[in-house]
Amino acid sequence: METQKQSSKKRKQVFPFGNYRSYYGYRIDQGTDEDPRLKVLRKEWFEGKECLDIGCNNGIITIQIAQKFCCRSILGIDIDSDRVQDAYWNLRKSARLSSSGNKPVKASKLQDKDHADDSGNRVTALSRVDTKEISEKHSSPEQIDLFTIVSFKRENFVQSRHPPGKNYDTILCLSVTKWIHLNWGDDGLITLFSEIWKLLRPGGIFVVEPQPWKSYESNRSVSETTAANYRNITIRPEQFQEILLDKIGFRTVEDITSGLTLSKTGFNRPILVFRK
Ligand SMILES: C[S@@+](CC[C@H](N)C(=O)[O-])C[C@H]1O[C@@H](n2cnc3c(N)ncnc32)[C@H](O)[C@@H]1O
C-alpha cells in the first residue's frame, strides 16, 4: 500500500523544464489519429532531410514526423534523461508496431502512461543504459530502418557547445521557448535562436511553436530560477518573429497556424516557419 509520504512525494513532483511525463496524454485528444500539428507540416521540409527536434520530450512527434515524412535522419534532444529513455521506449514500440503494418503509428497507441508492456505488466523505466547502446540493441530486421533514421540524446541545448561541421536542413522547437526563456532568461532565448541559425544549412527551415506570454505566468514559480527570470524577462513572444528576421538573420517567415484544427484548450498556439 502506498504510504502517505510516497503519495505526497508524487503530488509534489514538479517539471521545471516542461519535462512532463506523459505530455501527450493531456495535449492530444484520446483516439486522435495524429498530433494536429503534423497536418500543417509539409513533407518537403523533411523528406530526405537531416532534422533536429529540440525538446523532444517522449519522442512521439519526432517518431511520427520520421514515419510520415520520411526524413533522412531525425535527432530528438531533451534536457531530461528520463524523457530520452521514454523516447527510446516509444521508438522500440513504434518499430515493433509499424513492422507489422508498415503504417505510421497513432499517438494513442504510443502514448502509454504507465509504460505497460505488451502483456499489460507495468515496466519500470530502463536502467540508465547509454542511449547509443540502446539504439544498437534493436533485434529484428524490420526495426532497422526506423532505428537508423531516429535517434535521441540527452542535451541541454542552450548550454552545449555545437561544434562546427554538424548541420541540419530542418530544426523543430515546439512548445519549448517558454521553458528556455523561464530557465535561462532573455540571454538563453537569444542563444537558442542564434545556435539554431548556426546549425541550419543555407535555405534550412526552422519550425517554432512559441507559447504565449500569458502562459508564462502559471509556470513562473516552478523554481526560484524561473521566478527570478520571469521578473527580468523583457522580450515577449510577440517579438520573436521580428528578432528572428531582423537580428538573427532568417530571410522569410510563414505563419502556418491557420491550417491547424482546434486542439485541446490551451494548446492553440501559433506555428511559424522561418527559412535561413
Ligand atoms: C512542453 S514539452 C514539448 C514537447 C514537444 N516538443 C512537443 O511540442 O510535443 C518541452 C520539452 O522541452 C524540454 N526542454 C526544456 N528545456 C530544454 C533545453 N534547454 N534543452 C533541451 N530540452 C529542453 C523539456 O524537457 C520538455 O520535454
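Residues numbered from 1 in each chain as written. Predicted model: local features only at pLDDT ≥ 70, side-chain atom pairs only at ≥ 80, totals over all residues.

- The chain appears in an unreviewed UniProt entry as RNA methyltransferase from Vigna angularis var. angularis.
- Recorded in UniProt for the chain, the comment headed Sequence similarities (unreviewed entry) runs: "Belongs to the methyltransferase superfamily." (UniProt positions renumbered as here; feature names shortened; annotations may be inferred.)

**A closer look at the environment of I243**
Move 1: In this fold, I243 is placed in helix α11 (residues 240–248).
Move 2: The partly exposed category is assigned to I243, around which 15 C-beta atoms lie within 10 Å.
Move 3: C-alpha of I243 to C-alpha of I190: the two residues are 53 residues apart in sequence and 8.8 Å apart in space.
Move 4: Once residues lying within four places of it in the same chain are set aside, the contact partners of I243 are F193 and I248. (Helix = DSSP H or I, 4+ residues; strand = E, 2+ residues; numbered from the N terminus. Buried ≥ 20, exposed ≤ 12 C-beta atoms within 10 Å, placed from the backbone. Contact = placed C-beta atoms within 7 Å.)

**A short note on the site of the ligand**
Move 1: With respect to spatial proximity, 23 residues lie near the ligand, and among them G18, N19, G55, N57 and L174 are the closest.
Move 2: Going through the elements one at a time, β2 (73–78) and α8 (177–199) are the ones with two or more residues in the shell around the ligand.
Move 3: Partitioning the shell around the ligand into residue classes produces 13 nonpolar, 6 polar and 4 charged. (Near = placed C-beta within 6 Å. Nonpolar A, V, L, I, M, F, W, Y, C, P; charged D, E, K, R; others polar.)

**Brief notes about the nonpolar core**
Move 1: The biggest cluster of nonpolar side chains holds 53 residues, and the ones touching the most others in it are I54, I65, I171, C173 and F206.
Move 2: Here this core gets 8 residues from one element, more than from any other, and that element is α8.
Move 3: Non-local contacts of I54, meaning those with residues more than four positions away in its chain, are made with I77, F157, I171, L172, C173 and V176. (Core = buried A, V, L, I, M, F, W, Y, C linked by C-beta atoms within 7 Å.)

**Brief notes about the pairing of strand β4 (residues 168–174)**
Move 1: With respect to burial, β4 is a largely interior element, 7 of its 7 residues being buried.
Move 2: With 3 bridges connecting them, strand β1 (residues 50–54) and β4 associate as parallel partners. Looking at β4, one finds that C51 is bridged to T170.
Move 3: As paired strands, β4 and strand β5 (residues 200–209) are joined by 6 bridges and run parallel to one another. If you follow C173 over to β5, its bridge partner there is V208. (Pairing = 2+ DSSP bridges.)

**What about the environment of N58?**
Move 1: Structurally, N58 can be placed in the loop between β1 and α3 (60–69).
Move 2: On the basis of neighbour counts, which here come to 31 C-beta atoms within 10 Å, the residue N58 falls in the buried class.
Move 3: Distance from N58 to R83, taken between C-alpha atoms, is 5.1 Å for residues 25 residues apart in sequence.

**Examining the sheet that holds strand β3 (residues 150–154)**
Move 1: Read across the open sheet, the 7 strands follow the order β3-β2-β1-β4-β5-β7-β6; overall the sheet is mixed. The open sheet has two edge strands with one neighbour each: β3 and β6 (252–255). Each strand axis lies, on average, 20 degrees off the axis of its neighbour in the sheet, ignoring direction.
Move 2: Sheet topology places β5 next to strand β7 (residues 272–275); 4 bridges connect them, and they run antiparallel. Of the residues in β7, the one forming a bridge with F206 is F274.
Move 3: In the packing of α3 onto the sheet, the strands contacted are β1, β2, β3 and β4, and the crossing angle to β2 comes to about 175 degrees. (Axes fitted to C-alpha atoms, helices over the stretch in contact; angles between N-to-C directions.)

**As for unusual backbone geometry**
Move 1: Despite not being glycine, N57 has its phi angle at roughly 55 degrees, a positive value.
Move 2: Counting through the fold element by element, N57 comes out in the loop between β1 and α3.
Move 3: By the C-beta count within 10 Å, which is 28 here, N57 ends up buried.
Move 4: Phi is positive for S175, close to 55 degrees, though the residue is something other than glycine.
Move 5: Secondary-structure assignment places S175 in the loop between β4 and α8.
Move 6: For S175, a count of 20 C-beta atoms within 10 Å puts it in the buried group.

**Some details on the packing of α8 against helix α10 (residues 224–232)**
Move 1: Close contact between α8 and α10 brings their axes to 8 Å; oriented N to C, the two are set at 45 degrees. One element, α8, and the other, α10, form an angle in the oblique class. Crossing of α8 over α10 shows left-handed handedness. Seen from α8, the contacting residues are L182, N183 and G185; seen from α10, they are T225, T226, N229, Y230 and N232.
Move 2: For the contact of α8 with α10, a count of residues per class yields 2 nonpolar, 6 polar and no charged. (Parallel < 35°, antiparallel > 145°, perpendicular 65-115°, else oblique. Left-handed = near helix turned anticlockwise from the far one by under 90°.)

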